[in-house]
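This is what each chain is made of:
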Amino acid sequence: MDTIILGIESSCDDTSAAVIKNGVLLSSVIASQAVHEAYGGVVPELASRAHQQNIVPVVHEALKRAGVTKEQLSAIAFTRGPGLMGSLLVGVSFAKGLARSLDIPMIDVNHLQGHVLAHFIKESEDDHNQPKFPFICLLVSGGNSQIIRVNAYNDMEVLGQTIDDAAGEAIDKCSKVMGLGYPGGPIIDKLARQGNPKAYTFSKPHIPGYDYSFSGLKTSFLYSLREWLKEDPDFIEHHKTDLAASLEKTIVDILMDKLRKVVKDTGINEVAVAGGVSANNGLRNAFHEHADKYGWKIYIPKFGYTTDNAAMIAITGYYKFMDKDFCTIDKPAYSRVTIK
Ligand code: KG4
């Protein structure tokens, strides 16, 4: 019998639904919320309201594109956390209600586990480019920067993580103070391609072990900018490509320095990257350079599976379904928590 999973993601500002049949993706629909652009960041209340408007048409469209009726579904997987509580509640309540009405299992998914398992989304039967266990995954998003040892689909260990800001958060905040817009990641990425990464240096953290810190870099960036602006009020306009390239290089260096250490110490050279910041070209290039120089076997997700999407929730749901790892209706959404 076929296993058909509907995945639902609503943890931040994207409402998404996807359908996976026997591990192969049939459809993936994402409704992004443009309403936040004017505010330079996600406004939680507006996000919840937009999810309310989007959830029914997005799920409907995902089923339609997959050519699947809701009666054919085996289970419904949904992001239970971490994320914005109001946003999560929309997807969690909808998923639970639909599963209950169809009398099929509901499967709760940790959003971060979903990002890691995005590497197992298959677009066709003969798509075999998946990491082998155990592998190391650098998870870099707007809210998290973690190095994870992935032993199995359901067995992950956080080896290091940020003690303050996440990499994406640092990029977004620096972009905001330069007046470049939101979200900063793709804007900085584009500008950085035209700039000199060695034009400026910003301070790098000295944190023991495998943990990260990005708040010092952010402060150093803001402080330097303030001084330069005193000399030249148009400094940002004149130097934004070099600023973007130097900022991006510093962040990529910080991320890769710790990752190299983990790979060396664990001896595991299957290395993946996941999360929104994995769309960054500088980071992707650094992965390719490390593959050439150190013999890493690297796994970089397709652009569509880097930022929040329900395909990663559906694939995680698929593996949990195989383990009969179901959720009960009384399990609430949670806003904070990393992978265990
Ligand atoms: O994974 P994600 O969509 O959301 C969270 O779950 O946090 O990640 C969003 C983050 C934002 O900080 C955004 O600026 C960053 O990913 N991002 C990028 C790029 N595209 C998105 N950062 C750098 N370069 C990019 N091309």
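Here we summarise the structure given alongside this text. (Residues numbered from 1 in each chain as written. Predicted model: local features only at pLDDT ≥ 70, side-chain atom pairs only at ≥ 80, totals over all residues. Heavy atoms only, no water.)

1. A look at the pattern of salt bridges
Part 1: All chains considered together, the criterion is met by 17 salt bridges.
Part 2: Close ionic contact of Asp108 with Lys320 constitutes a salt bridge, the shortest N to O distance being 3.6 Å. Here Asp108 is found in strand E5 (residues 106–110), whereas its partner Lys320 is found in helix H9 (residues 311–322), with 212 residues between them in sequence.
Part 3: Here Arg193 ties to Asp189 by a salt bridge, and the two come within 2.5 Å at their closest N and O atoms.
Part 4: Look at Arg193 and you get partly exposed, because its relative accessible area is 40%. (Salt bridge = Lys/Arg side-chain N within 4 Å of Asp/Glu carboxyl O. Helix = DSSP H or I, 4+ residues; strand = E, 2+ residues; numbered from the N terminus. Buried < 20%, exposed > 50% of the residue type's maximum accessible area, 1.4 Å probe, protein only.)

2. Some points on the sheet that holds strand E2 (residues 14–21)
Part 1: Read across the sheet, five strands follow the order E3-E2-E1-E4-E5 without closing on themselves; strand pairing throughout is mixed. Single-partner strands in this sheet number two, and they are strand E3 (24–32) and E5. Geometrically, the sheet is characterised by an average inter-axis angle of 20° between neighbouring strands, direction not taken into account.
Part 2: On top of the sheet, helix H1 (residues 44–66) reaches strand E1 (4–9), E2 and E3; it is set at about 25° to E2, its chief contact.
Part 3: Relative to the sheet, helix H2 (residues 85–102) contacts E1, strand E4 (75–81) and E5, its axis offset from that of E4 by approximately 155°. (Pairing = 2+ DSSP bridges. Axes fitted to C-alpha atoms, helices over the stretch in contact; angles between N-to-C directions. Contact = heavy atoms within 4.5 Å.)

3. Some points on the site of the ligand
Part 1: Close contacts around the ligand come from 19 residues, with Gly142, Asp172, Gly185, Asp189 and Gly276 the closest.
Part 2: At 3.0 Å, a backbone N or O of Gly185 approaches an oxygen atom of the ligand.
Part 3: Between Val277 and the ligand, the recorded distance is 3.5 Å, taken from a backbone N or O atom to an oxygen atom.
Part 4: Calculation on the ligand without its partners gives an accessible area of 550 Å², and the protein chains cover 87% of this total.
Part 5: Considered class by class, the residues forming the shell around the ligand number five nonpolar, 11 polar and three charged. (Near = heavy atom within 4 Å. Polar contact = N/O pair within 3.5 Å; in protein donor to acceptor, adjacent residues only side chain to side chain. Areas by Shrake-Rupley, 256 points an atom, 1.4 Å probe, with all protein chains shown as cover. Nonpolar A, V, L, I, M, F, W, Y, C, P; charged D, E, K, R; others polar.)

4. Digging into the packing of helix H4 (residues 167–177) against helix H6 (residues 215–231)
Part 1: Contact geometry of H4 with H6 gives a least axis separation of 10 Å together with a crossing angle of 15°. If you check the angle between H4 and H6, you find them roughly parallel. Seen along the crossing, H4 lies across H6 with a hand that is right-handed. Taken together, the residues of H6 that come into contact with H4 (itself represented by Lys173, Cys174 and Val177) are Lys218, Phe221, Leu222 and Leu225. (Parallel < 35°, antiparallel > 145°, perpendicular 65-115°, else oblique. Left-handed = near helix turned anticlockwise from the far one by under 90°.)

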